[in-house]
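Coordinate analysis (summary)
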Amino acid sequence: MPTFSRRNLLAGAALLGAGLANRGAFAAVPEAPYPARGPATEVPPPPTGGRAYNPVVTLNGWSAPWRWKNGWKEFHLVAEPVLREIAPGMTAHLWGYNGQSPGPTIEAVEGDKLRMFVTNKLPEHTTIHWHGILLPSGMDGVGGLTQPQIPPGKTYVYEFEMKKSGTFMYHPHADEMVQMAMGMMGFFVVHPRDPGQHRVDRDFVFLINAYDIDPGSYTPKIATMLDFNLWSWNSRVFPGIDHLVARQGDRVRIRMGNLTMTNHPIHLHGYDFRVTGTDGGWVAPGAQWPEVTVDIPVGSMRAVEFTADTPGDWAFHCHKSHHTMNAMGHKVPTMIGVDHHGLAGRLVSLVPDYMVMGERGMADMGEMEMPLPENTLPMMTGTGPFGPIEMGGMFSVLKVRRGIARGDYTDPGWYQHPPGTVAYEWKGA
Ligand SMILES: [Cu+2]
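Residues numbered from 1 in each chain as written. Predicted model: local features only at pLDDT ≥ 70, side-chain atom pairs only at ≥ 80, totals over all residues.

**Side note on the pairing of strand β5 (residues 106-109)**
- Of the two faces of β5, the one lined by Ile106 and Ala108 and the one lined by Glu107 and Val109 are each fully buried.
- Two elements, β5 and strand β10 (residues 186-191), share four bridges in a ladder whose sense is parallel. Residue Glu107 lies in a different strand from β10, and its bridge partner there is Val189. (Buried ≥ 20, exposed ≤ 12 C-beta atoms within 10 Å, placed from the backbone. Helix = DSSP H or I, 4+ residues; strand = E, 2+ residues; numbered from the N terminus. Pairing = 2+ DSSP bridges.)

**Overview of the sheet that holds strand β19 (residues 293-296)**
- Spatial strand order, β13-β24-β21-β15-β19: five strands in an open sheet with mixed pairing. In this open sheet, the two edge strands, each paired with only one partner strand, are β13 (244-247) and β19. Strand-to-strand, the axes of this sheet are offset by a mean angle of 20 degrees, without reference to chain direction.
- Where strand β15 (residues 264-268) and strand β21 (residues 312-318) come together, three bridges link them in antiparallel fashion. The residue bridging Leu268 from the neighbouring strand is Phe316, located in β21. (Axes fitted to C-alpha atoms, helices over the stretch in contact; angles between N-to-C directions.)

**Here's the deal with the confidence of the model for the chain**
- When pLDDT is averaged along the chain, the result is 89; 84% of the residues meet or exceed 70.
- Throughout residues 1-26 the model reports pLDDT below 50, and contacts reaching past four residues in sequence, or to other chains, amount to 48 contacts. (pLDDT = per-residue confidence, 0-100. Contact = placed C-beta atoms within 7 Å.)

**Notes on the environment of Thr155**
- Along the chain, Thr155 turns up in strand β8 (residues 155-161).
- Thr155 sits in the buried class, given 24 other C-beta atoms within 10 Å.
- In this structure, the C-alpha to C-alpha distance between Thr155 and Phe117, residues 38 residues apart in sequence, is 6.6 Å.

**Re the nonpolar core**
- Within the largest apolar cluster, 93 residues are counted, with the highest numbers of intra-cluster contacts made by Val118, Phe188 and Leu230.
- A domain-level breakdown of this core finds at least three residues from each of domain 1 (7-187) and domain 2 (206-323 + 393-401).
- The residues touching Leu230, leaving out its near neighbours within four places in the chain, are Ile86, Ala210, Tyr211, Ile213, Val237, Asn326 and Ala327. (Core = buried A, V, L, I, M, F, W, Y, C linked by C-beta atoms within 7 Å. Domains from an automatic or database assignment.)

**Here's the deal with the sheet that holds β5**
- Spatially, the four strands line up as an open sheet ordered β5-β10-β9-β7, and their pairing is mixed. At either margin of the open sheet sits one strand with a lone partner, and together these are β5 and β7 (129-131). Ignoring which end each strand starts from, the neighbouring axes of this sheet average 25 degrees apart.

**Examining the pairing of β21**
- Where burial is concerned, most of β21 is hidden: five out of the seven residues are buried.
- Here six bridges tie β21 to strand β24 (residues 395-401), and the two strands are oriented antiparallel to one another. Looking across to β24, one finds that Phe316 is bridged to Ser396.

**Examining unusual backbone geometry**
- Omega for the bond connecting Ser101 with Pro102 falls within 30 degrees of zero, at -5 degrees, which places this linkage in the cis form.
- Relative to the elements of secondary structure, Pro102 occurs in the loop between β4 (90-97) and β5.
- Geometrically, the link from Phe238 to Pro239 is a cis peptide bond, its omega value of 5 degrees lying close to zero.
- Within the secondary structure, Pro239 is located in the loop between β12 (230-233) and β13.
- At Asn60, a position not held by glycine, the phi torsion is positive, near 50 degrees.
- Mapped onto the elements of the fold, Asn60 is located in the loop between β1 (57-58) and β2 (67-69).

Next up, the structure:
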């Protein structure tokens, strides 16, 4: 079990308030853990206590440590304002848990009894709803309906037993539009009691989220319904999303949950995969269906699996092309075919910063070094071994390599294609 870090951040006992259940089973709130590696993916070590499981790898995130207390697994989540680097060059003022948005991934095993301490350090009340988990009604976390709201400064306790394994998430059910638009959410994985069941070698997880942050600003606009400008995985956008590294021959699972306001067709190149699970449970083998794109509806989760048998650098992205771009003006006129000839010179005399763009398409944007407002990412960016990748938003790369070590997630660099296997220019017979 990982140890708790940043022990001095919270004198937990001082936060015990009227909302804390009055039971003698616990003397103090467990210390609140914080991530050690900033926005980089933290690969959790295998558990050293409790039932065995193969930990998941949270893209640009981490798993929360826990402690044993009289047969209960205790976690401590702190709802609070956080600074999240969306990608190098841009940081957002979000709300999250334990120093990050999304909060830490909760990992448990079927049959575990969980006690979740939730401390509210936000300026307004909150709750946590445990999406997909089967539990007593009063532990479901719907403010007003199943519990009083957790006021600022108070700590509440949730207790429930993990009745089944699967792929779940957590998020507030209090001022939900605002709190989720600000980044409050986390992944929740329950491993099977038998570690041989649903076994894979690499198990990646992330939440799909979206923000509307005006260029040059830091805080999401919370009333936006559809017109978001940052389409993110775990509150990161390309090129800030870590690559998914797999060893050739490994069985790989990717689990995704969608907490945005629209669906996301997530597409993997180079492979077909099976949809093996939803937040409702595992899909029976005979009912699993093949895909290369899995549509993830709003408020839903999907797990997909494949065997990483083909080495390479395989694009992995949302197939909505606007979701693989960073902030831009969506009211940009189509300039393709418009002849600017002779116009630019006259315009520059009126508007010194005027630039002609878009008359041949917008690919030039991928390599253009345009001056940007502070704290703003280029709309299309990233460079690969062959030049600009011209992406943003929900884009990453599955890197499958022969001969890397079991459990090694270090970026192996770009794929070295065998001679004669790369598309080439035709230069005559
Ligand atoms: Cu999308």
